[in-house]
Amino acid sequence: MVKLNKIVIAGVGLIGGSFALALKQAGAVREVVGIGRTRATLERAKQLGVIDAIADDWAGAMQGADLVLLAMPVGAMEAALQALLPHLEAHTVVTDGGSTKRDILQAAERILGARVAQFVPGHPIAGSEKGGAAAAQADLYRDRRVVLTPGSATGTDGLALVRTAWEACGAKVDILSTAAHDRVFAAVSHLPHLLAYALVHEFAARDNAGELFGFAAGGFRDFTRIASSHPEMWRDICIVNRAPLIAELDAYMAALLRLRTLLAAADANGLEAVFAAARQARDEWLHGMSENAEE
Ligand SMILES: NC(=O)C1=CN([C@@H]2O[C@H](COP(=O)(O)OP(=O)(O)OC[C@H]3O[C@@H](n4cnc5c(N)ncnc54)[C@H](O)[C@@H]3O)[C@@H](O)[C@H]2O)C=CC1
Ligand SMILES: O=C(O)C(=O)Cc1ccc(O)cc1
């Protein structure tokens, strides 16, 4: 079992707060120090027992830290790396929980130079549309996957430490390249968020929005839950990962056009064939997920 003396959570929200709670529950950390943008948020996180102490600045935060998790919106990570670098001790490992990986590894290479060996890019595949330390849960990562995307310069000891820390949270760790990561998550995560936001936004702008929302039921709720996600966080993800996201959007628009053609032709068989293939693929995916959870 990993035993960390001091960890630093930079951005104590759902992801950082849940990491802290999970490590505490596992008995894997002695002290959790929080640093962030808003004092009141940090005070609240301390009251909730998510962090033990608040750092006033990076110098204090980094002193004697074994592990630092960057858990703010991805657009703010570059500035955080710049701010922590002057205080980075030789034994400290820095990781992140951001939803995009190529930009963050590139920023780390640029900013940290040779010390990029101490940086391990990561992404927990768990979360929700709810943010903030109050939403943090010790079991958020239990039986969930975490993707680590080390670069050629990533140190093996740091990689092992970060892997062990996530495993202490109950997660299963996968390794991907940053490019493969960003391509996969553009498809299965970033595109669905964009679609949900687009649908709700389009309805909300209509003259009869009240009527539409008044009659909307479970299907609409399921499809659009993620449109309740944090706008700043999703702004950053979409902008940073826009190249693969635009490719996914193009593919989806082509699929919509094919459905439109089938509809216009009243091609019932064609439409049913698409729906049946999609249902089968989703059933098989859900079945695979439940088998994995039982392993
Ligand atoms: N919400 C989710 O389901 C998932 C989110 N992520 C990633 O984790 C990161 C954090 O997301 P959440 O915890 O959901 O967000 P959150 O909104 O719950 O927490 C983010 C925290 O960062 C702080 N913060 C914002 N700007 C900052 C800055 N410039 N410097 C320091 N702190 C700052 C905020 O005050 C807040 O406490 C993001 O990079 C996101 O892409 C990854 C996996 C899942
Ligand atoms: O709300 C949901 O279901 C999500 O999809 C949560 C989520 C958001 C961002 C990520 O990078 C990973 C998972």
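Since the model is a prediction, treat every value here as computed from it, not as a measurement. Residue indices begin from 1 for each chain and proceed along its sequence in written order. Working convention: letters from A go to chains and numbers from 1 go to ligands, in the order in which they are written. Residues qualify for local features only when their pLDDT is at least 70, as the model is predicted, and side-chain atom pairs are given and counted only at 80 or more; totals for whole chains, interfaces and linings, by contrast, use all residues.

Attention now moves to the overall build of the protein. Each helix corresponds to a stretch of at least 4 residues labelled H or I by DSSP, and each strand to a stretch of at least 2 residues labelled E; elements are numbered beginning at the N terminus. Broken down by element type, the protein carries 12 helices and nine strands. Over its C-alpha trace the protein gives a radius of gyration of 21 Å, about what one expects of a compact globule, namely 19 Å for 295 residues. On the principal axes, the C-alpha backbone points of the protein span a range of 70 × 40 × 40 Å. Three exposure classes are used, all based on how many other C-beta atoms lie within 10 Å of a residue's own C-beta (placed from the backbone): buried at 20 or more, exposed at 12 or fewer, and partly exposed between those limits. Within the protein, the fraction of its 295 residues that count as buried is 36%. Look at the contacts in the protein between residues 6 or more apart in sequence, and 79% of them connect residues 24 or more apart. Restricting the calculation to C-alpha atoms gives the radius of gyration, and the globule rule supplies 2.2 Å times the number of residues raised to the power 0.38. Throughout, a residue-residue contact means that the two C-beta atoms, derived from backbone geometry, are no farther apart than 7 Å.

Next up on the list: the site of ligand 1. Proximity of a residue to a molecule or strand is defined by its backbone-placed C-beta atom lying within 6 Å of that partner. By nearness alone, 29 residues border ligand 1, and G11, G13, A76, G127 and G131 come closest of all. Elements that contribute at least two residues to the shell around ligand 1 include exactly α1 (14-25), β7 (122-125) and α10 (231-240). By residue number, the principal contributor to the shell around ligand 1 is α1, which donates three residues. Gly falls in the polar group here, along with every residue not listed as nonpolar (Ala, Val, Leu, Ile, Met, Phe, Trp, Tyr, Cys, Pro) or charged (Asp, Glu, Lys, Arg). Considered class by class, the residues forming the shell around ligand 1 number 13 nonpolar, 15 polar and one charged.

Note on interface size: it is often stated as the accessible area lost on association of the parts. As annotated, the domain borders come from an automatic or database domain assignment. Considered domain by domain, the protein is made up of domain 1 (4-176) and domain 2 (181-264). When each unit is reduced to the centre of its C-alpha atoms, the spacing between domain 1 and domain 2 is 29 Å. Opposite the 14 residues of domain 1 that make contact, domain 2 presents 15 residues. Class assignment for the residues of the side of domain 1 that touches domain 2 results in four nonpolar, six polar and four charged.

Here we take up the site of ligand 2. Near ligand 2, the surroundings consist of S99, I125, G127, S128, E129, S189 and I226. Considered class by class, the residues forming the shell around ligand 2 number two nonpolar, four polar and one charged.

Note on pairing: two strands pair once DSSP finds at least 2 bridges between them. Spatially, the six strands line up as an open sheet ordered β3-β2-β1-β4-β5-β6, and their pairing is parallel. In this open sheet, the two edge strands, each paired with only one partner strand, are β3 (53-54) and β6 (119-120). Bridge count for strand β1 (residues 4-10) against strand β2 (residues 29-35) is six bridges, and the pairing is parallel. Residue pairing for β2: L4 is matched across the bridge by V29.

Turning our eyes to something else, we now look at the UniProt feature "domain: Prephenate/arogenate dehydrogenase" (unreviewed entry) in the protein. UniProt positions are given in the numbering used here, feature names are shortened, and annotations may be inferred rather than shown by experiment. UniProt feature "domain: Prephenate/arogenate dehydrogenase" (unreviewed entry): in the numbering of this structure it lies at residues 5-293. Along residues 5-293 the backbone is 55% helical and 13% strand, and the end-to-end C-alpha distance reaches 31 Å.

Let us look at the pairing of strand β8 (residues 145-148). Here four bridges tie β7 to β8, and the two strands are oriented antiparallel to one another. Bridge assignment links G122 to a residue of β8, and that residue is L148. At this point the chain moves from β8, through helix α6 (residues 156-168), to the parallel strand β9 (residues 172-175), and the crossover so formed is right-handed. We call a crossover right-handed when, viewed with both strands directed away from the observer, the connection leading from the first strand over the helix to the second proceeds clockwise.

Further remarks concern unusual backbone geometry. Positive phi values are uncommon outside glycine, yet D143 reaches one of about 60 degrees. Topologically, D143 is positioned in the loop between β7 and β8. Look at A266: it is not a glycine, yet its phi comes out positive at around 50 degrees. In this fold, A266 is placed in the loop between α11 (242-264) and α12 (268-294).

A few words now on the packing of helix α4 (residues 77-84) against helix α5 (residues 102-112). Relative placement of two packed helices is described by the angle separating their axes and the distance separating the axes. Viewed as axis vectors pointing N to C, α4 and α5 meet at an angle of 25 degrees, and their least axial separation amounts to 10 Å. By the angle between their axes, α4 is roughly parallel relative to α5. With respect to the hand of their crossing, α4 and α5 are arranged in right-handed fashion. Residue-level contacts link M77, E78, L81 and Q82 of α4 to I104, A107, A108, I111 and L112 of α5. Taken together, the residues of the contact of α4 with α5 break down into seven nonpolar, one polar and one charged. Axis lines are fitted through C-alpha atoms, for helices just across the contact stretch, and the angle between N-to-C directions can take any value from 0 to 180 degrees. Should an angle lie under 35 degrees it is considered roughly parallel, over 145 roughly antiparallel, and from 65 to 115 roughly perpendicular; all remaining angles are considered oblique. Crossings are assigned a handedness: left-handed for a near helix turned anticlockwise from the far helix by less than a right angle, right-handed for a clockwise turn.

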